[in-house]
Amino acid sequence: MTTETEMSTKQTLAAVENFNAAINRHDINAVMNAMTDDCVFDNTNPPPDGTRFVGAIAVRAFWEKFFASNPDAVFETEEIFATGDRCVVRWIYRKTKEGKPWHLRGIDVFKIRNGKVAEKLAYVKG
């Protein structure tokens, strides 16, 4: 028998995987459809605390600029795990920078509400 927590965890993993797939397709509409209207996104820049974007309008503007500035960007999942409505993804962000392959490692901490990303907090190594 599947418990309520196990069902919630499965839904959380599915929501994050759906969101991450949309990010890697650079599909802004799918990204925003995967997020709540009152979503929160903590970006990693500028150090040390990054910038917080609150609400779908602000988050959409960030992703539009990000995709335009990073046309070959991709996030490779190294590890993903969840419990209940929380999920952690350890990733490698890859792109071309100054004509050469470049990467950065980090993690995202997600909170899911009603099958959508309500919060995405990003942290980087280094």
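See the structure printed just above.
A brief look at the structure comes next. (Residues numbered from 1 in each chain as written. Predicted model: local features only at pLDDT ≥ 70, side-chain atom pairs only at ≥ 80, totals over all residues. Heavy atoms only, no water.)

In this section: the nonpolar core. Among the nonpolar cores identified, the biggest contains 29 residues, and Phe19, Val31, Met32, Met35, Val59, Trp63 and Phe110 are the most heavily contacted of them. Where this core is concerned, the elements lending two or more residues are α1 (4-25), α2 (28-33), β1 (35-42), α3 (56-69), β4 (86-97), β5 (100-113) and β6 (116-124). (Core = buried A, V, L, I, M, F, W, Y, C linked by side-chain atoms within 4.5 Å. Buried < 20%, exposed > 50% of the residue type's maximum accessible area, 1.4 Å probe, protein only. Helix = DSSP H or I, 4+ residues; strand = E, 2+ residues; numbered from the N terminus.)

Counted under the stated rule, the structure contains 10 salt bridges. Between aspartate 27 and arginine 25 there is a salt bridge, and its shortest N-O distance comes to 3.7 Å. In this structure aspartate 27 comes out as partly exposed when scored by relative accessible area, which is 28%. The partner of aspartate 38 in a salt bridge is arginine 113, and the shortest N-O contact between them spans 2.4 Å. Highlighted residues: aspartate 38 in strand β1 and arginine 113 in strand β5, separated in sequence by 75 residues. The class of arginine 113 is partly exposed, set by a relative accessible area of 37%. Connected via shared salt-bridge partners are Glu78, Glu79, Arg90 and Arg105. (Salt bridge = Lys/Arg side-chain N within 4 Å of Asp/Glu carboxyl O.)

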